[in-house]
Amino acid sequence: MAKAIIGKKVGMTQVFSEDGIVVPVTVVLAGPCVVTEVRTEEKDGYSAIQLGFDEILKESKVNKPMAGYFKKQGVKPMKFLKEFRGDAGEITVGQQVDVNIFEEGDLVDVQGTSIGKGFQGVVKRYGFAGGPKTHGSHFHRAPGSIGMCEFPGETPKGKKMPGRMGGKKVTVQNLSVVKVIPETNLLLVKGAIPGHDDAIVYIKEAVKAKK
Amino acid sequence: MKNKLIESVEAAFSNKEIPEFRSGDTVKVHFRIKEGTKERVQIYEGLVIKVHNNSSNSTFTVRKMVGDIGVERIFPFYSPKIDKVELVRKGRVRQARLYYMRELRGKAARIKERRKGF
């Protein structure tokens, strides 16, 4: 069964573990989600479930094609839709998915869009060392040589250069679930997760979890 | 202002009662430590030089002199390892952060007692 949920990053705080150790956690408002479609091997060539999160309350906010889709599926219109690969098992369309699918101590992968940093140089973007700041050096944060002289005489493709940084899809693997609060639909995940506060994140069962 | 959902998470941890004290006061902290498999309470007494308020993440710093060496420990207010905090003496100081105490030794490092009305 595909264990996944869509959530909203609320922010970070810290909690105490039972033996008094301070644990940094990210609070995620996860779900409740609704299964909007089930993909199967026979019908679609792959198996997955599509989840919807954050109901659209105002009818005029849904465009016509999407309104038609939701009507066909027989579910309420949702702001965010996302497919998660995995065998659906007994999951059916219209079923609710909430934080209770995870337990304390579970390992999860969290996917989100990292915070955009704008146009950055190679020192910040790729961790180049840069040059000395003083002692007569004129080489500070520049990328250095990018194509040598006569040979090869050209810049290799994929050469790390300055450019837009952040704002990309990032997955953080193997974060443990510290606490599940079903009353308020909150998940506490140990450590930091990608994105700014209020950003949409996808929480999945860890792919590389040791069993 | 903090997010309400975050506050609701923190509220579960910041419900312990701790006597009111401020910078300049002398306190005894009863702290549980583990030795092997046994657990015992260690008492750490010293001067509060800093109180950092941030809901469940609040901490206070206690400074004491061991011989000629200053020792500072930062305690989280709501740590489950703190059994209790005793207020030993109230001190009269004019700063909230007493970092200047690090420079002072002996007679210069005395702090007047805080009495009623101050």
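The structure presented is a predicted model; accordingly, all values stated were derived computationally and were not measured. (Residues numbered from 1 in each chain as written. Chains lettered and ligands numbered in written order. Predicted model: local features only at pLDDT ≥ 70, side-chain atom pairs only at ≥ 80, totals over all residues. Heavy atoms only, no water.)

A. Up close: the overall build of chain A. Within chain A, the secondary structure is distributed over three helices and 12 strands. In terms of C-alpha radius of gyration, chain A reaches 22 Å, well past the compact-globule figure of 17 Å for 211 residues. By its C-alpha atoms, chain A is 70 × 50 × 40 Å across when sized along the principal axes. Contacts in chain A between residues at least 24 apart in sequence constitute 70% of all its contacts with a sequence separation of at least 6. With the model as given, the accessible surface of chain A reaches about 12800 Å², and the carbon-plus-sulfur share is 52%. Considering chain A, the positive charge centre built from 31 side chains and the negative charge centre built from 23 side chains are found 11 Å apart. (Helix = DSSP H or I, 4+ residues; strand = E, 2+ residues; numbered from the N terminus. Rg over C-alpha atoms; globule rule 2.2 N^0.38 Å. Contact = heavy atoms within 4.5 Å. Areas by Shrake-Rupley, 256 points an atom, 1.4 Å probe, with all protein chains shown as cover. Lys, Arg positive; Asp, Glu negative; His and termini not counted. Charge placed at Lys NZ, Arg CZ, Asp CG, Glu CD.)

B. Up close: the packing of aromatic side chains. Following the criterion strictly, the structure yields 11 aromatic pairs over all chains and no others. With centroids separated by 6.4 Å and ring planes inclined at 40°, the aromatic side chains of Tyr126(A) and Phe128(A) adopt a geometry described as tilted. Where Phe77(B) meets Tyr78(B), the ring centres are 6.0 Å apart and the plane angle is 40°; that geometry is what we call tilted. Judged by its relative accessible area of 11%, Phe77(B) falls in the buried class. We classify Tyr78(B) as buried; its relative accessible area is 19%. By way of ring pairs, the aromatic residues Phe21(B), Phe31(B), Tyr44(B), Phe60(B), Phe75(B), Phe77(B) and Tyr78(B) are connected into one cluster. One Lys or Arg, Arg73(B), reaches over the ring of Phe31(B) and ends 4.9 Å from the middle of that ring. Just above the ring of Tyr44(B) sits the side chain of Arg73(B); from NZ or CZ to the centre is 5.5 Å. (Phe/Tyr/Trp six-rings, centres within 6.5 Å; stacked < 30°, edge-to-face > 60°. Buried < 20%, exposed > 50% of the residue type's maximum accessible area, 1.4 Å probe, protein only. Lys NZ or Arg CZ within 6 Å of the ring centre and 35° of its normal.)

C. Summary view of the pattern of salt bridges. All names here are of chain B. One pass over the structure, following the stated rule, counts 13 salt bridges over all chains. Notably, a salt bridge pairs Asp 25 with Arg 114, separated by 3.0 Å at the nearest N-O pair. In this pair, Asp 25 is assigned in the loop between α1 (4-11) and β1 (26-35) and Arg 114 in the segment after β7 (112-113), connecting sequence segments 89 residues apart. The burial state of Asp 25 is the same as that of Arg 114; both residues are buried. One salt bridge in this structure joins Glu 72 and Arg 63, with 2.9 Å as the shortest N-O distance. (Salt bridge = Lys/Arg side-chain N within 4 Å of Asp/Glu carboxyl O.)

D. Just the side chain of Thr26(A), in detail. Residue and element names in this part refer to chain A. On the secondary structure map, Thr 26 appears in strand β2 (residues 22-30). Within the structure, the side chain of Thr 26 is placed 2.4 Å from the backbone oxygen of Gly 191, a separation counted as a polar contact. What Thr 26 contacts, discounting residues up to four positions off in sequence, is Lys 9, Gly 11, Met 12, Leu 187, Leu 188, Val 189, Gly 191, Ala 192 and Ile 193. (Polar contact = N/O pair within 3.5 Å; in protein donor to acceptor, adjacent residues only side chain to side chain.)

E. Here's a closer look at the sheet that holds strand β3 (residues 59-66) of chain B. Residues and elements named next belong to chain B. Ordered by their spatial adjacency, five strands build an open sheet running β4-β3-β2-β1-β5, and the pairing between neighbours is antiparallel. Taken across any chain shown, the strands that pair with only one partner, and hence form the sheet edges, are β4 (69-76) and β5 (82-89). Neighbour-to-neighbour, the strand axes of the sheet open up by a mean angle of 40°, direction not taken into account. As defined by bridge partners, strand β2 (residues 38-52) adjoins β3 across five bridges and the pair is classed as antiparallel. Residue pairing in the sheet places His 52 in a bridge with Thr 59 of β3. (Pairing = 2+ DSSP bridges. Axes fitted to C-alpha atoms, helices over the stretch in contact; angles between N-to-C directions.)

F. Inspection of the environment of Pro65(A) at higher detail. Residue and element names in this part refer to chain A. Along the chain, the position of Pro 65 falls in helix α2 (residues 64-73). For Pro 65, a relative accessible area of 63% translates into the label exposed. Between the C-alpha atoms of Pro 65 and Asp 197, which are 132 residues apart in sequence, the distance is 30 Å.

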